[in-house]
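# Structural features, examined
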Amino acid sequence: MKKLLWVFVGSLVLSTQAAGLNCSKAQSKVERLICDERKNPDLYSLDSRLNAYYSEVIQQANSQSPIADQKKWLTAVRNLCGDAQCLRKAYQSRVSELQTSATLCKADEVVIYSCTLPGRKVMSLCASQDATPYAGYMQYRMGRSQKDLERQFPEQ
């Protein structure tokens with residue numbers, strides 16, 4: 001049963017990935033590095049993951065602050081990178097930030113799946129870092145924030 005759940009969740013995650021950088025319009029050195037799949041196959045994937053989490057954060061936001069934060073990150077962090085290693089670190093850090101803010105999962109949990117529902121509610125499937133078929137936990141949560149959960153299963 002657990003294996004079936006993991007397969008289902010995995011297919012949901014793959015089917016809801018947001019599009020990343022439009023490589024046909026790449027102009028800067030950083031954008032070209034991201035789009036060079038032969039040299040840096042993981043950077044385009046990281047850009048797509050970041051876009052997916054950013055879209056979730058924007059849907060949940062009641063203000064313009066996520067947009068300003070993203071623009072600040074682009075100019076003050078990403079666009080200052082001169083090589084693929086710097087970009088990888090910048091993207092991994094930003095994905096981690098957005099992942100935590102776009103879900104009902106806690107910072108020390110693994111986000112299995114998260115999406116925004118009508119009415120700015122969020123549905124998240126969270127797991128412990130040590131989750132295996134024999135250890136750890138997985139928990140479904142729904143609500144507007146971690147403090148304002150409507151549903152949580154299992155409770156503990």
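Residues numbered from 1 in each chain as written. Predicted model: local features only at pLDDT ≥ 70, side-chain atom pairs only at ≥ 80, totals over all residues. Heavy atoms only, no water.

A separate point is the state of the cysteines. Taken as a whole and assessed by the stated rule, the structure comprises three disulfides. Through a disulfide, cysteine 81 is tied to cysteine 86; the S-S separation comes to 2.2 Å. On the S-S bond that ties cysteine 81 to cysteine 86, the torsion sits near -65°, and the link is left-handed. Residue cysteine 81 is classed as buried on the basis of its relative accessible area, which comes to 5%. By relative accessible area, which is 32% here, cysteine 86 ends up partly exposed. Note that cysteine 105 is cross-linked by a disulfide to cysteine 126, the S-S spacing being 2.0 Å. When the S-S torsion is -90°, as for the bridge of cysteine 105 with cysteine 126, the disulfide is left-handed. (Disulfide = S-S within 2.5 Å. Buried < 20%, exposed > 50% of the residue type's maximum accessible area, 1.4 Å probe, protein only.)

Attention now goes to the environment of serine 24. Within the fold, serine 24 resides in the loop between helix 1 (2-15) and helix 2 (29-35). Residue class for serine 24 comes out exposed when judged on its relative accessible area of 66%. Polar side-chain contacts of serine 24 include one of 2.7 Å to the side chain of asparagine 22. (Helix = DSSP H or I, 4+ residues; strand = E, 2+ residues; numbered from the N terminus. Polar contact = N/O pair within 3.5 Å; in protein donor to acceptor, adjacent residues only side chain to side chain.)

Bear in mind that shape data such as this cannot, by itself, settle questions of function.
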